[in-house]
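Residue-level structure breakdown
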Amino acid sequence: RGLPAGAANALLDVYGEMLADEESYVYLAAVQGLSVLATNLPAMVLPFLVEKFTGKETTIKKEAGQKEPMRSTSSEMSWAQRVKVGEALMCAARKCGASISKYSQYFMRAFILGARMRSADVEDDSDWVNFRSSCLSNLAEVCGLLKWSLDRYAQDIFDLALGILQMEGTNSQEALAARRGSLYIMYKILNSLDSTNFAGIIGSHIKSMYRRLKIVAKSDCDSLCKHNAQMCIDVIDVFMRGLFLAQHHQQQSQEVLGGVGSGFVPPLSTQSSASMLSEMSPSLANEIRNIAKPSTNKAKITEL
């Protein structure tokens, strides 16, 4: 942590050159070195890594008292090198632990910008498809690490994932990798949530997400995409049934025990689940109830 800025800059340039080495033990050492620097000097090193990863200058607002981000004197990196920088960013994200929410803007900016790139935006390069796929995979992992802190990025992430599923439906290598990556993002997000934050993060997106997933699971040309979409649907169904049954249980408890005294308080878990349903729009809550009913589950899902 006491490393001078000049020495850190020199190390960054050395590690950047090492990333171009074809020997795995050389560039993997560079990845580890970059992640250690980013962990110890995050405010200075993370903007540098994001800039090298995306090829665009970092415009994230600097906090008061924060040191100027480092700048590299090395040339622009190839797509293969950027993938390795992405590995360094992910190593740094894992090492951040509970503090990842403080620096999440850097990771999100890097991987969302990379995932939004299309073949028309770049020169023809076989490595760039791998770069975009790594962006989607890394974005999914960061979403899993953020958990409850994900809400401020939910709109951008779901717009990205649903846009890919809707617009990139061809059988090309680029489109297949993008659809698989977007489904992986959704699956990681769904599996990182619980009943206390499901409605807050997924609530406003659940209708469009569920419909798009049903289309992919039914008609996608890739069997893996179909399978992954169905896995996401299964997770959503579990959440929906849990929310509905929790509210139904609360209503029954109030009917049975309400006469005992006006001070009856339902269990905390029941209150939490029921309050999430009440926070949703009436139409969305009604849709959840209809899907969750066992007797009409199949028909309602088909309608969606």
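Notes on the structure in this doc start here.

Conventions adopted
By convention here, each chain's residues receive numbers from 1 onward along its written sequence. With pLDDT at 70 or above as the cut-off, local features in this predicted model cover only qualifying residues; side-chain atom pairs require 80 or more to be listed or tallied, and sums for whole chains, interfaces and linings still use all residues. By convention in this description, side-chain values take in all heavy atoms of the structure and omit both hydrogens and water. Pairs were defined over the aromatic rings of Phe, Tyr and Trp, the Trp ring being its six-membered one, requiring ring centres within 6.5 Å. Orientation was assigned from the angle between planes: stacked under 30 degrees, edge-to-face over 60, tilted for the rest. Here a strand is any run of E in DSSP of at least two residues, a helix any run of H or I of at least four, and the numbering for each starts at the N terminus. Exposure categories follow from relative accessible area, calculated using a 1.4 Å probe and restricted to protein chains: below 20% of the type maximum is buried, above 50% is exposed, and the middle band is partly exposed. Charges are assigned to positions over rings by a cutoff of 6 Å between ring centre and Lys NZ or Arg CZ, combined with an angular limit of 35 degrees from the ring normal. The distinction between a cavity and a pocket rests on a 1 Å grid over the protein atoms alone: a 1.4 Å probe fits inside a cavity but cannot get out, while a pocket stays open yet meets protein on both sides within 12 Å along at least five of seven lines, and a residue with an atom within 4 Å of a point counts as lining. Grid points are joined across faces, edges and corners, and a volume is the space filled by probe spheres set on the points. In this document the domain limits rely on a domain assignment from an automatic tool or a database. In this analysis, the expected span of each helix is defined as 1.5 Å times one less than the number of residues it contains. Interaxial angles span 0 to 180 degrees and are taken between N-to-C directions of axes, which are lines fitted to C-alpha atoms, for helices over the stretch in contact. Oblique is the label for any angle not covered by the other classes, which are roughly parallel (under 35 degrees), roughly antiparallel (over 145) and roughly perpendicular (65 to 115). Each crossing gets its hand from how the near helix is turned against the far one by less than a right angle, where anticlockwise is left-handed and clockwise is right-handed. Note on definitions: a residue-residue contact is assigned when non-hydrogen atoms from the two residues lie within 4.5 Å. In this classification, the charged set is Asp, Glu, Lys and Arg, the nonpolar set is Ala, Val, Leu, Ile, Met, Phe, Trp, Tyr, Cys and Pro, and all remaining amino acids, among them Gly, are polar. As used here, the term nonpolar core means buried Ala, Val, Leu, Ile, Met, Phe, Trp, Tyr and Cys residues forming a set that is joined through side-chain atoms within 4.5 Å. Salt bridge, as used here: a side-chain nitrogen of Lys or Arg that lies within 4 Å of a carboxyl oxygen of Asp or Glu.

Scanning the entire structure with this criterion turns up 4 aromatic pairs. Measuring from centroid to centroid gives 6.4 Å for Trp79 and Trp128, while their planes differ by 55°, and the two rings are tilted. Pair noted here: Trp79 is in helix 4 (residues 79-96) and Trp128 is in helix 6 (residues 126-146), with a separation of 49 residues, a long-range link. A ring pair is formed by Trp79 and Phe131, whose centres lie 4.9 Å apart and whose planes are at 45°; its orientation type is tilted. A residue pair is termed long-range when its members are at least 10 positions apart, and Trp79 in helix 4 and Phe131 in helix 6 qualify at 52 residues. With a relative accessible area of 13%, Trp79 lands in the buried category. For Phe131, a relative accessible area of 0% puts it in the buried group. Ring-pair connections join several aromatic residues into one group, and the members of that group are Phe53, Trp79, Phe111, Trp128 and Phe131. Its guanidinium or amino end placed over the ring of Tyr27, Lys84 lies 4.1 Å from that ring's centre, counting from NZ or CZ.

Inspection of every chain in the model, using the stated rule, returns 1 cavity of 30 Å³ or more. Estimated volume of the largest cavity: approximately 30 Å³. Trp128, Val129, Arg132, Ser133, Glu174, Ala177 and Ala178 are the residues that line the largest cavity. Those elements giving two or more residues to the lining of the largest cavity turn out to be helix 6 and helix 8 (173-192). Each of two domains, domain 1 (1-58 + 77-147) and domain 2 (150-256), supplies a minimum of three residues to the lining of the largest cavity.

This part is about helix 4. An ideal rise of 1.5 Å per residue puts 26 Å on 18 residues; helix 4 measures up with 26 Å between its terminal C-alpha atoms. Counting buried positions along helix 4 yields 14 of 18 residues, so the element is predominantly enclosed. Looking one or two residues past helix 4, Gly97 carries a phi angle of roughly 65°, positive in sign.

Remark: helix 4 packs on helix 5 (residues 100-116), axes separated minimally by 10 Å, with the N-to-C direction vectors making an angle of 160°. The angle between helix 4 and helix 5 places the two elements in the roughly antiparallel class. The handedness of the crossing between helix 4 and helix 5 is left-handed. Taken together, the residues of helix 5 that come into contact with helix 4 (itself represented by Gly86, Leu89, Met90, Ala92, Ala93 and Cys96) are Ile100, Phe107, Ala110 and Phe111. Residues belonging to the contact of helix 4 with helix 5 are distributed by class as follows: 9 nonpolar, 1 polar and no charged.

Core analysis: the biggest nonpolar cluster contains 83 residues, and Phe107, Met108, Phe111, Ile157, Ile189, Ile202 and Leu213 have the highest contact counts within it. When residues of this core are sorted by domain, at least three fall in each of domain 1 (1-58 + 77-147) and domain 2 (150-256). The residues contacting Ile189, other than those within four sequence positions of it, are Cys143, Leu150, Ile157, Phe158 and Ile202.

The next point concerns the pattern of salt bridges. Charged atoms that come close allow side chains of opposite charge to pair. The tally for this structure, following the rule as stated, stands at 6 salt bridges. With its nearest N and O atoms 3.8 Å apart, the salt bridge here joins Arg116 to Asp156. Of the two residues, Arg116 sits in helix 5 while Asp156 sits in helix 7 (residues 154-167), which places them 40 residues apart along the sequence. Relative accessible area serves as the criterion here: at 36%, Asp156 is assigned to the partly exposed category. By sharing partners, the salt bridges in this structure join Arg132, Glu168 and Glu174 into a single network.

Glancing now at the environment of Val50. Among the structural elements, Val50 can be located in helix 3 (residues 42-54). The class for Val50 is buried, based on a relative accessible area of 0%.

Within the secondary structure, Arg82 sits in helix 4. A residue is classified by how much of its surface remains accessible, and Arg82, at 3% relative accessible area, is buried. Sequence-distant contacts of Arg82, defined by excluding residues within four places in its chain, comprise Lys52, Phe53, Thr54, Gly55, Glu76, Met77, Met117 and Phe131.

None of this, on its own, says anything about what the molecule does.
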